Amino acid sequence: VSLCYLYQLFVHSPYLKMPSWLDKIFVTSKSHSVHHDEDIKNQNSNFGEVLNIWDVIFGTHTTKNGDIIYGIKNNNENFFVLQKKSIFFLLKKIF
């Protein structure tokens with residue numbers, strides 16, 4: 001279970017890049033970032049944690065060309081504050 005949480009830290013990092021062909025198999029930061037877009041139809045997609053096949057099977061896989069606007073519309077809390085909270089939550093789960 002801890003390896004899954006560690007992988008999630010990788011998936012949620014915009015700084016770690018993987019070859020684009022891996023997006024077809026594994027959840028990467030590029031493929032998962034669509035899930036964090038402020039557009040609600042993108043938020044309801046790309047739920048997989050390690051393999052993209054689950055989103056393909058359940059019809060929740062989507063891609064987005066262009067920039068991702070992170071966050072939730074009309075949210076008063078800064079996205080980076082929310083991201084920091086989620087990273088600390090994941091670290092507590094690992095250790």
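Asker: Requested: an account of the overall build of the protein chain, with residues and values cited.
Answerer: Across its full length, the protein chain holds five helices and zero strands. Along the protein chain, helices (α) and strands (β) appear in the sequence α-α-α-α-α when read from the amino end. Per-residue burial over the protein chain gives 29% buried out of 95 residues. Pairs at least 24 apart in sequence give 47% of the contacts found in the protein chain among residues at least 6 apart. Accessible surface, the protein chain as shown: approximately 7,000 Å² in total, 64% of it carbon and sulfur.

Asker: Hey, could you go over a nonpolar patch on the surface for me, with residue numbers and the actual values?
Answerer: Together, Trp21, Ile25, Phe26, Val50, Leu51, Ile53, Trp54, Val56, Ile57 and Phe58 line one region of the surface with nonpolar side chains, adding up to about 1,000 Å² of accessible area. Mapped onto the fold, Ile25 is located in the loop between α1 (2-11) and α2 (29-33). Among the residues examined, Ile25 registers a relative accessible area of 41% and is labelled partly exposed.

Asker: Lay out the environment of Cys4 in plain terms, naming residues and giving numbers.
Answerer: Tracing the chain through its elements places Cys4 in helix α1. Relative accessible area serves as the criterion here: at 26%, Cys4 is assigned to the partly exposed category. Residues Cys4 and Glu49, spaced 45 residues apart in sequence, show a C-alpha to C-alpha distance of 7.6 Å.

Asker: Got a sec to walk through the side chain of Asp37? Specific residues and values, please.
Answerer: Structurally, the position occupied by Asp37 is in the loop between α2 and α3 (40-43). Owing to a relative accessible area of 1%, Asp37 belongs among the buried residues under this scheme. The residues touching Asp37, leaving out its near neighbours within four places in the chain, are Asn42, Gln43, Lys64, Ile68, Ile69 and Gly71.

Asker: Which residues make up α1, and what values go with them?
Answerer: All buried positions along α1 are accounted for by Gln8, Phe10 and Val11. The buried side chains of α1 occupy one side of the element, clustering within an arc of 155° when seen end-on.

Asker: Please set out unusual backbone geometry residue by residue, giving values where relevant.
Answerer: Of note, the phi angle at Asn46 is positive, near 50°, even though the residue is not glycine. For Asn46, the location among the structural elements is in the loop between α3 and α4 (53-58).

Asker: Talk me through the environment of Ser29; I want residue IDs and the actual numbers.
Answerer: Mapped onto the secondary structure, Ser29 falls in helix α2. With a relative accessible area of 11%, Ser29 lands in the buried category. Linking Ser29 and Pro14, residues 15 residues apart in sequence, is a C-alpha distance of 6.2 Å. If sequence neighbours within four positions are ignored, Ser29 has contacts with Phe10, Val11, Ser13 and Leu16.

Criteria and thresholds
Residues numbered from 1 in each chain as written. Predicted model: local features only at pLDDT ≥ 70, side-chain atom pairs only at ≥ 80, totals over all residues. Heavy atoms only, no water. Helix = DSSP H or I, 4+ residues; strand = E, 2+ residues; numbered from the N terminus. Buried < 20%, exposed > 50% of the residue type's maximum accessible area, 1.4 Å probe, protein only. Contact = heavy atoms within 4.5 Å. Areas by Shrake-Rupley, 256 points an atom, 1.4 Å probe, with all protein chains shown as cover. Patch = residues over 30% accessible without salt bridge, like charges linked within 9 Å, V, L, I, M, F, W, Y side chains within 5 Å. Salt bridge = Lys/Arg side-chain N within 4 Å of Asp/Glu carboxyl O. Arc of directions from axis to C-beta.

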